[in-house]
Amino acid sequence: MEAVANPRITCAYLNQYVGKNVIIVGKVMQLRGDEALIDADGSITAHLNREAHLSAGNGVQLIGKVNPDLSIKVLSSMDLGTGVDYDLANTVVEVSQQHRSLFAYD
Amino acid sequence: MTSYGGYQRTGYGAQGGEDGGGYMVGSQQASQGQGEKKYANESLRPITIKQLVDCKEAYPGAELAVDGLPTTQVTLVGQVRAINPQAVNVTYRIDDGTGMIDVKKWIDADKADATPRFALDTYVRVYGRLTTYNGRKHVGAHYIRAIEDFNEVNYHLLEATYVHLSLTRAAGGGEHQQQGQLGAADGGDSMFVDDGYGAGGGGADSQAIRVRLEPCSRNANTIYRYLATSAGDAQHLAQVAAGTGMSARDIMAATEELLGQGLIYTTENDETWAILDL
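Residues numbered from 1 in each chain as written. Chains lettered and ligands numbered in written order. Predicted model: local features only at pLDDT ≥ 70, side-chain atom pairs only at ≥ 80, totals over all residues. Heavy atoms only, no water.

Chemist: Is there a simple way to explain the nonpolar core in this structure?
Modeler: Within soluble globular proteins, side chains that are nonpolar generally end up buried alongside one another. In this structure, A:Ile24, A:Ile72, B:Ile223, B:Tyr224, B:Leu227, B:Ile251 and B:Leu258 are the most contacted members of the largest nonpolar core, which totals 41 residues. By residue number, the principal contributor to this core is helix 7 (residues 218-229) of chain B, which donates five residues. Within the second largest apolar cluster, 22 residues are counted, among which are B:Val53, B:Val80, B:Ile94 and B:Val124. (Core = buried A, V, L, I, M, F, W, Y, C linked by side-chain atoms within 4.5 Å. Buried < 20%, exposed > 50% of the residue type's maximum accessible area, 1.4 Å probe, protein only. Helix = DSSP H or I, 4+ residues; strand = E, 2+ residues; numbered from the N terminus.)

Chemist: I'm lost on the packing of helix 8 (residues 237-244) of chain B against helix 9 (residues 248-260) of chain B in this one. Help?
Modeler: What describes two packed helices is the angle between their axes and the distance between those same axes. Residues and elements named next belong to chain B. Their axes nearest at 10 Å, the elements helix 8 and helix 9 cross at an angle of 105°. Classed by the angle they form, the pair helix 8 and helix 9 counts as roughly perpendicular. For the pair formed by helix 8 and helix 9, the contact residues are Leu 237, Val 240, Ala 241 and Thr 244 on the first element and Ala 248, Ile 251 and Met 252 on the second. (Axes fitted to C-alpha atoms, helices over the stretch in contact; angles between N-to-C directions. Parallel < 35°, antiparallel > 145°, perpendicular 65-115°, else oblique. Contact = heavy atoms within 4.5 Å.)

Chemist: Just to check I follow, could you spell out the interface of chain A and chain B for this structure?
Modeler: By a frequent convention, interface size equals the accessible area lost on bringing the separate parts together. Taken residue by residue, the interface counts 35 residues in chain A and 43 residues in chain B. In total, about 3,200 Å² of surface goes out of reach between chain A and chain B, with carbon and sulfur atoms giving 56% of it. The tally of links between chain A and chain B comes to one salt bridge. In this structure, B:Arg249 and A:Asp41 form a salt bridge, with 2.8 Å as the shortest nitrogen-oxygen distance. Where chain A touches chain B, the interface holds 16 residue pairs in polar contact (both at pLDDT 80 or more). Sorting the residues of the side of chain A that touches chain B by element identifies strand 1 (21-32), strand 4 (59-66), strand 5 (72-81), helix 1 (86-98) and helix 2 (100-103) of chain A as the ones contributing at least two each. (Buried area = accessible area lost by both parts, 1.4 Å probe. Salt bridge = Lys/Arg side-chain N within 4 Å of Asp/Glu carboxyl O. Polar contact = N/O pair within 3.5 Å; in protein donor to acceptor, adjacent residues only side chain to side chain.)

Chemist: Honestly, the pattern of salt bridges in this entry has me stumped. Any pointers?
Modeler: Where charged atoms from two side chains of opposite charge approach closely, those side chains can pair. All names here are of chain B. On inspection of all chains with the given rule, the structure shows ten salt bridges over all chains. A salt bridge links Arg 125 to Glu 152, with the nearest nitrogen and oxygen atoms 2.9 Å apart. Of this pair, Arg 125 sits in strand 8 (residues 123-133) while Glu 152 sits in helix 4 (residues 151-170), and the two are 27 residues apart along the sequence. On the accessibility criterion, Arg 125 (4% relative accessible area) is buried.

Chemist: Mind showing me how you'd approach the packing of aromatic side chains here?
Modeler: When we look at a pair of aromatic rings, we describe it by the centre distance and by the angle of the planes. Tallied over the entire structure, the rule returns three aromatic pairs over all chains. Arranged with centres 5.7 Å apart and planes meeting at 70°, the rings of B:Tyr123 and B:Phe150 form a pair that is edge-to-face. Of this pair, B:Tyr123 sits in strand 8 while B:Phe150 sits in the loop between strand 9 (136-146) and helix 4, placing them 27 residues apart in sequence. According to the relative accessible area criterion, B:Tyr123 is buried, its value standing at 4%. Classification of B:Phe150 as buried rests on a relative accessible area of 8%. Ring geometry for B:Tyr127 versus B:Tyr143: centroids 6.4 Å apart, planes at 25°, classification stacked. With a gap of 16 residues between them, B:Tyr127 in strand 8 and B:Tyr143 in strand 9 connect regions that are remote in the sequence. Geometry around A:Tyr105 places B:Lys50 over its ring, the cationic atom sitting 5.1 Å from the centre. (Phe/Tyr/Trp six-rings, centres within 6.5 Å; stacked < 30°, edge-to-face > 60°. Lys NZ or Arg CZ within 6 Å of the ring centre and 35° of its normal.)

Now the structure itself:
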């Protein structure tokens with residue numbers, strides 16, 4: 001049992017989590033070599049690792065560290081296919097910020 | 001009262017297996033309440049793993065309680081981070097982004113081959129019983145299945161929040177009161193605007209502020225009210241979000257309005273605001 005949280009965030013919350021590990025759920029907009037542009041209530045640049053297999057247009061869950069330039073250094077990625085409800089994912093982020101006792105260690 | 005409660009319980013002795021352990025705090029309550037509580041304990045509760053990490057026993061030997069409510073049957077979702085197969089069970093380390101917990105699935109000796117194994121990083125839904133063993137909490141799984149539709153993960157997190165809120169608010173918990181205060185502030189706002197015309201205003205806001213707030217949206221008014229009443233000079237986006245219950249996007253739009261009206265200004269960065277004194 002461990003008290004380690006990877007908070008779920010969207011683009012708007014990036015600068016509060018610089019240097020921390022986060023979870024981002026979004027849509028792959030563009031793939032350029034080892035870089036990807038993810039839309040999670042705003043565009044986020046993700047630096048992918050070698051194991052990443054993303055496809056443009058699909059949903060993706062990224063776990064990674066927020067760089068000082070607000071890009072993401074991806075530690076693990078997971079393709080979510082096409083049936084992802086992004087509004088739902090963004091709502092979960094907002095709810096998890098409002099009810100921090102359930103989601104975050106302050 | 002105590003002895004009466006004790007007598008009642010022996011009356012129901014057939015189901016008293018778990019009651020065996022001597023003096024119970026609950027025995028001072030009416031025996032009817034006791035029955036209800038037992039029943040509530042066994043209802044299935046959706047939770048985040050952080051709630052399990054945080055939950056404590058009311059007193060040593062008591063059942064683990066989440067939001068003050070004894071909780072045994074839980075359902076959770078998370079990704080499999082480690083798998084540890086043993087002779088009689090498989091221990092999965094499950095991570096849902098809010099914490100990690102061990103989930104033990106006991107192997108049925110008769111159909112050992114039928115027990116499915118889950119690959120690392122797959123999202124699973126777990127139904128199980130929250131237990132402590134040697135001071136370590138884990139979930140004894142009745143059933144684990146892989147999640148096919150990713151939206152179920154988000155659904156679960158919202159459901160866990162919903163249940164938490166309906167339990168804590170119904171009981172008049174802390175969050176309810178906080179929300180109540182906010183609501184009161186909100187109501188106070190609209191009342192103030194109303195009698196602002198009638199009674200010539202008796203509030204703290206000057207005429208200049210009222211004139212500028214008027215064309216702003218409801219959201220902008222809520223945020224202005226929040227900034228005006230909160231402690232400290234400047235408030236960050238996260239504080240405003242927590243205080244008003246609004247989304248980051250709505251807050252950005254509303255603060256844009258207030259900035260345009262010259263009612264607030266940004267301080268350390270673009271997401272921290274303070275009231276501009278007129």
